[in-house]
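Chain and residue survey
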Amino acid sequence: VQLQASGGGSVQAGGSLRLSCAASGSTFENYHMAWFRQAPGKEREFVAAIFWSGGLSYYGDSVKGRFTISRENAKNTVYLQMNSLKPDDTAIYYCAARLKFNTWRYSAPGGYDYWGQGTLVTVSS
């Protein structure tokens with residue numbers, strides 16, 4: 001599956017952005033999806049993940065209550081709605097896919113088979 005992330009940009013603290021990740025090349029419903037982020041000089045960090053059907057979702061502690069992951073299987077797209085953004089949210093955001101037939105370690109970068117190219121989010125104070 002090929003993943004194309006979009007929607008990044010620059011925003012002031014307290015603002016909102018919605019990221020999108022469009023999938024192609026394979027049956028989207030066969031994949032659990034996730035968002036990770038990586039700030040300069042830091043390790044890749046788990047942000048959010050969603051079950052292949054959309055019935056279950058998980059969040060990293062730093063984004064709980066502010067970010068929402070969702071998916072539209074009919075559009076082969078997963079979203080990340082980001083509200084109340086903080087300067088610490090500045091990073092490159094990556095979407096990732098894990099085939100649903102395999103064990104799913106939702107918060108581990110190594111638990112995913114495919115990655116998008118990333119989209120930059122910059123939050124200024």
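Residues numbered from 1 in each chain as written. Predicted model: local features only at pLDDT ≥ 70, side-chain atom pairs only at ≥ 80, totals over all residues. Heavy atoms only, no water.

With that settled, the discussion passes to unusual backbone geometry. Positive phi is not limited to glycine here, since Asn76 has a value of about 55°. When you line up the elements, Asn76 lands in the loop between strand 7 (67-72) and strand 8 (77-82). Here Asn76 falls in the partly exposed class, since its relative accessible area comes to 27%. With a phi close to 50°, Ser84 is a non-glycine residue in the positive phi region. Its location among the elements puts Ser84 in the loop between strand 8 and strand 9 (91-99). On the accessibility criterion, Ser84 (41% relative accessible area) is partly exposed. (Helix = DSSP H or I, 4+ residues; strand = E, 2+ residues; numbered from the N terminus. Buried < 20%, exposed > 50% of the residue type's maximum accessible area, 1.4 Å probe, protein only.)

Core analysis: the largest hydrophobic core is formed by 29 residues, its most contacted members being Met33, Trp35, Leu80, Met82 and Tyr93. The residues touching Met82, leaving out its near neighbours within four places in the chain, are Gly15, Ser16, Leu17, Leu19, Arg66, Phe67, Tyr93 and Val121. With seven residues, the next largest nonpolar core counts Ala34, Phe36, Phe46 and Ala96 among its residues. (Core = buried A, V, L, I, M, F, W, Y, C linked by side-chain atoms within 4.5 Å. Contact = heavy atoms within 4.5 Å.)

A separate point is the pairing of strand 11 (residues 119-124). Of the two faces of strand 11, the one holding Thr119, Val121 and Val123 is buried and the one holding Leu120, Thr122 and Ser124 is not buried anywhere. Sheet topology note: the strand 9/strand 11 ladder contains three bridges and is antiparallel. Within strand 11, the position partnered with Tyr93 by the bridge is Thr119. (Pairing = 2+ DSSP bridges.)

Taken as a whole, this structure holds eleven aromatic pairs when the rule is applied. Ring geometry for Phe36 against Tyr112: centres 5.4 Å apart, planes inclined by 75°, an arrangement best described as edge-to-face. Placement of Phe36 in strand 4 (residues 31-38) and of Tyr112 in the loop between strand 9 and strand 10 (114-115) is noted, with a sequence separation of 76 residues between them. Relative accessible area serves as the criterion here: at 0%, Phe36 is assigned to the buried category. Its relative accessible area of 7% is what places Tyr112 among the buried residues. The structure contains a cluster of three or more aromatic residues connected by ring pairs, namely Phe36, Phe46, Phe51, Trp52, Tyr58, Trp104, Tyr106, Tyr112 and Trp115. Sitting over the face of the ring of Tyr94, Arg44 holds its NZ or CZ atom 4.0 Å from the ring centroid. A cation sits over an aromatic face here: Lys100 above Trp52, 3.7 Å from the ring centre. (Phe/Tyr/Trp six-rings, centres within 6.5 Å; stacked < 30°, edge-to-face > 60°. Lys NZ or Arg CZ within 6 Å of the ring centre and 35° of its normal.)

Moving on, we get to the pairing of strand 8. Of all the six residues making up strand 8, five are buried; the element is thus mostly covered by neighbouring parts of the structure. Across six bridges, the pairing between strand 7 and strand 8 is antiparallel. Each bridged residue has a counterpart across the sheet, and for Ile69 the counterpart in strand 8 is Leu80. Hairpin connection between strand 7 and strand 8: a loop of four residues separates the two successive antiparallel strands, and Asn76 in this loop has a positive phi of roughly 55°.

With that out of the way, let us pick up the environment of Asp89. One can find Asp89 in the loop between strand 8 and strand 9. On a C-alpha basis, the gap between Asp89 and Ala13 in space is 9.4 Å, while along the polypeptide they are 76 residues apart. Beyond its immediate chain neighbours, meaning those up to four positions away, Asp89 contacts Arg37, Arg66, Phe67, Ser84, Val121 and Val123. For Asp89, the side chain forms a polar contact with the side chain of Arg37, separated by 2.8 Å. A distance of 2.8 Å separates a polar atom in the side chain of Asp89 from the backbone nitrogen of Lys86. (Polar contact = N/O pair within 3.5 Å; in protein donor to acceptor, adjacent residues only side chain to side chain.)

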